[in-house]
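Architecture and fold: a report
Okay, here's what each chain looks like letter by letter:
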Amino acid sequence: MKDLAEPERDNLRAPIYLAHSAISPPSAAVADAVSRCVADFAQRGAAAFGDWLAVKEATRSNIAALIGAEAGDVALTQGTTASIVAIAQSIAWKRGDRVITFEGEFPTNVTPWQQAAERYELDHVQLRTSDFAGDAQRGLDSLEAALRSGRPRLVAVSAVQFATGLAMPIAAMTRLAHAHGAEIFVDAIQAVGVMPFDVVELDVDYAAGGSHKWLMALEGVGWLYARRRCAEALHRTSAGWLSHDEPVSFLFGGPDDLRYDRPIVESIRFVEGGTMSTVGIAALHTSTSLLLERGIDAIWTHVQSYHDALAVGLHERGYTTLRDSVPARRSGIVSYRPPAPLTTPDVVAHLASHRVAVTGPIGVIRIAPHLSNGLHEVASVLAALPMQTGR
Ligand SMILES: Cc1ncc(COP(=O)(O)O)c(C=O)c1O
């Protein structure tokens, strides 16, 4: 039987696809969901809209199930950036509040805080992600020192570092932030879908992600979680027409139903201010249903086995792993540095020409398999590596 989680392999230029930390190629099931959605709008136009609202609701529930939240505390957005910008511009900042971000992060989780710092005259501090390797103590000490001075308000960090694959000690960072009266915002796009990430267990205040990586859907749809009390305290800066109570009632009612005084909803759903990509949501509904069906624990075990198998061969060939020796610091991403004289661009291009897709951000070879990658691929990946001269 055809595996619905698999991309259409015949369509894939690189049938061994190890770049899920960048963009996941749509699986057969996702492609089918998108076609069905487009066909429905093609046939019914506006009449289709109401039916797809149910899919939007179910998608929020799927995200909630993946992150251990209540569906009412999850909003859909246009992506991780949109989620972070919404919060960065909605917190009731006071001049001089300290916001702590990290060097080495993907800029998505830095730029919006820089902008907020400029606009609201915040005290922006940058720490180093590399200090959180291993037992993470050096990093936790640096975080505590930054939280001890000034007026700490928010720590913004990614659950998994995009290039090194380092899984940050989110629970410990959250405990420290809370002990000093600050909140924590976690960009979880490189975690959710491939490894356990539970907002209640971790006790985080905000978390966000997008669809097109480990969630295996399309670009253009993201999600945002906010603890209820935090959501209630936000300014409604990014509210739009769909942020009100009963926002669409006027579309079906009489002239008196068009009102502007309906309250803005109390939950984080206020960020869903306007119409969204229904096609993107249809894709995300299907992909998250598949992920939930397979189970994140099983996916995590599978991906780690894949990395274990590949690590042996890469080590023998002189590649240096960036995978942390402490299992709690590991993620779905394992990156390598090639043996000299090979360079990362050489290796990425050579693998691509042998139909193996990996990515090479900031000079490292980044390998990111998912549930659709079989362990049988490992020998082919190793065989596709470039020859090393002088060894
Ligand atoms: C950690 C991290 N955050 C965010 C993004 C992307 O954010 P957005 O989907 O909003 O462009 C990426 C990668 O593209 C990433 O690696």
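Residues numbered from 1 in each chain as written. Predicted model: local features only at pLDDT ≥ 70, side-chain atom pairs only at ≥ 80, totals over all residues. Heavy atoms only, no water.

This brings us to the sheet that holds strand β4 (residues 123-128). Whether parallel or antiparallel, the strands of a sheet pair through hydrogen bonds between backbone atoms. Read across the sheet, seven strands follow the order β2-β8-β7-β6-β5-β3-β4 without closing on themselves; strand pairing throughout is mixed. Each end of this open sheet is capped by a strand with a single partner; those strands are β2 (74-77) and β4. Sheet twist, expressed as the mean angle between neighbouring strand axes with direction ignored, is 20 degrees. Sheet topology note: the strand β3 (residues 97-103)/β4 ladder contains six bridges and is parallel. Within the sheet, the bridge partner assigned to I100 lies in β4 and is V125. Along the sheet, helix α5 (residues 137-148) makes contact with β3, β4 and β5 (151-158), crossing β3 at roughly 160 degrees. (Pairing = 2+ DSSP bridges. Helix = DSSP H or I, 4+ residues; strand = E, 2+ residues; numbered from the N terminus. Axes fitted to C-alpha atoms, helices over the stretch in contact; angles between N-to-C directions. Contact = heavy atoms within 4.5 Å.)

Bringing the pattern of salt bridges into the picture now. Across all of its chains, the model carries 20 salt bridges by this definition. Of the charged contacts in the structure, one is a salt bridge between D32 and R36, with a shortest N-O distance of 3.4 Å. Here the residue D32 and the residue R36 both occupy positions in helix α1 (residues 28-44), the gap between them amounting to four residues, near one helical turn. As a salt-bridge pair, D308 and R323 come within 2.9 Å of each other at their nearest N and O atoms. (Salt bridge = Lys/Arg side-chain N within 4 Å of Asp/Glu carboxyl O.)

With respect to spatial proximity, the complete set of residues near the ligand consists of T80, T81, F106, T108, S158, F162, D187, I189, Q190, H212 and K213. Between the ligand and the protein, one listed contact pairs a nitrogen atom with a side-chain N or O atom of D187 at 2.6 Å. Q190 places a side-chain nitrogen or oxygen 2.9 Å from an oxygen atom of the ligand. Here the ligand has 400 Å² of accessible area as a free molecule, and 83% of this is covered by the chains. Class assignment for the residues of the shell around the ligand results in three nonpolar, six polar and two charged. (Near = heavy atom within 4 Å. Polar contact = N/O pair within 3.5 Å; in protein donor to acceptor, adjacent residues only side chain to side chain. Areas by Shrake-Rupley, 256 points an atom, 1.4 Å probe, with all protein chains shown as cover. Nonpolar A, V, L, I, M, F, W, Y, C, P; charged D, E, K, R; others polar.)

With that settled, consider the domain arrangement of the protein. With domains assigned, the protein is organised as domain 1 (46-291) and domain 2 (295-383). The distance between the C-alpha centroids of domain 1 and domain 2 comes to 29 Å. Taken together, the contacts link 24 residues of domain 1 with 25 residues of domain 2. Between domain 1 and domain 2, roughly 1,900 Å² of surface is buried when both sides are summed, and carbon and sulfur atoms account for 64% of that area. Summed over the shared surface of domain 1 and domain 2, the result is zero salt bridges. (Domains from an automatic or database assignment. Buried area = accessible area lost by both parts, 1.4 Å probe.)

Moving on, we come to the pairing of β5. β5 sits mainly inside the fold: seven of its eight residues count as buried. As judged from the four bridges shared by β3 and β5, these two strands associate in the parallel manner. By the bridge assignment, R98 is partnered in β5 with P152. Two strands pair when backbone bridges link them, and β5 and strand β6 (residues 183-187) are joined in this way by five bridges, in the parallel orientation. The residue of β6 that forms the bridge with V157 is V186. (Buried < 20%, exposed > 50% of the residue type's maximum accessible area, 1.4 Å probe, protein only.)

Turning next to unusual backbone geometry. The omega torsion of the bond from A340 to P341 falls at 5 degrees, within 30 degrees of zero and hence cis. One non-glycine residue with positive phi stands out, namely D203, at about 65 degrees. Note that D203 resides in the loop between α7 (199-202) and β7 (206-210). Look at D203 and you get partly exposed, because its relative accessible area is 34%. Even without being glycine, I362 reaches a positive phi, approximately 35 degrees. Mapped onto the fold, I362 is located in the loop between β11 (356-357) and β12 (365-367). Given the relative accessible area of 65%, I362 is considered exposed.

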